[in-house]
Amino acid sequence: MDPQAFVVATLVAHLGLAMFVTGHARLTETEAGKWPFVTLAFGLAGVAAYFFYDESSDAGGI
């Protein structure tokens, strides 16, 4: 895969994942907060953080 195609594919994937996080937040009527931006930057890791980050945890956070 040439570098330009890789960058375009990565951009499309990250945009799609960020839209998924935003859509999920709207459908579940929860606050998306910073997670669409984190997902846009980090892709699948941002989606995982959106689902598993617990702000109420006493153990700290990410």
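Per chain, residues are indexed from 1 in the order of the written sequence. With the structure being a predicted model, the display of local features is reserved for residues of pLDDT at least 70 and the display and counting of side-chain atom pairs for 80 or more, all residues being used for whole-chain, interface and lining totals. Only hydrogens and water are set aside when side-chain values are computed; all heavy atoms of the structure are taken into account.

**Some words on the overall build of the protein chain**
Across its full length, the protein chain holds 3 helices and 0 strands. Numbering goes from the N terminus for both helices and strands, where a helix is a DSSP run of H or I of at least four residues and a strand is a run of E of at least two. Secondary structure elements of the protein chain, listed N to C terminal, follow the sequence α-α-α. We compute the radius of gyration over the C-alpha atoms and compare it with the globule rule, which gives 2.2 Å times the number of residues raised to the power 0.38. Computed over its C-alpha atoms, the radius of gyration of the protein chain comes to 14 Å, more than 25% above the 11 Å expected for a compact globule of 62 residues. Expressed as a percentage of the 62 residues in the protein chain, the buried residues total 21%. Sequence separation of at least 24 residues holds for 42% of the intrachain contacts in the protein chain that already meet a minimum separation of 6. Residue exposure (1.4 Å probe, protein chains only): buried if accessible area is under 20% of the type maximum, exposed if over 50%, otherwise partly exposed. We call two residues in contact when some of their heavy atoms are within 4.5 Å.

**A look at helix α1 (residues 3-27)**
Working rule for helices: expected span equals 1.5 Å times residues minus one. For α1, with 25 residues, the first-to-last C-alpha span of 36 Å sits near the 36 Å given by 1.5 Å per residue. All of the buried residues in α1 are H14, A18, V21 and A25. For α1, the secondary structure elements touched by its buried residues are α2 (35-42) and α3 (44-52). Phi turns positive, to about 55°, at E29, one or two residues after α1.

**Some words on the packing of α1 against α2**
For every element, the axis is a line fit to its C-alpha atoms; helices are fit only across the contacting stretch, and the angle between N-to-C directions ranges from 0 to 180 degrees. Here α1 crosses α2 at 160°, and the two axes come no closer than 8 Å. The orientation of α1 with respect to α2, classified from their angle, is roughly antiparallel. Relative to α2, the crossing made by α1 is right-handed. When α1 is examined against α2, the residues H14, L15, L17, A18, V21 and T22 are found in contact with a partner set consisting of W35, P36, T39, L40, A41 and F42. We call Asp, Glu, Lys and Arg charged. Ala, Val, Leu, Ile, Met, Phe, Trp, Tyr, Cys and Pro are nonpolar, and the rest, Gly among them, are polar. Its residues assigned to classes, the contact of α1 with α2 shows 9 nonpolar, 3 polar and no charged. Throughout this description, any angle smaller than 35 degrees is read as roughly parallel, any larger than 145 degrees as roughly antiparallel, any in the 65 to 115 degree range as roughly perpendicular, and the remainder as oblique. It is the rotation of the near helix from the far one that decides the hand of a crossing: anticlockwise by less than a right angle makes it left-handed, clockwise makes it right-handed.

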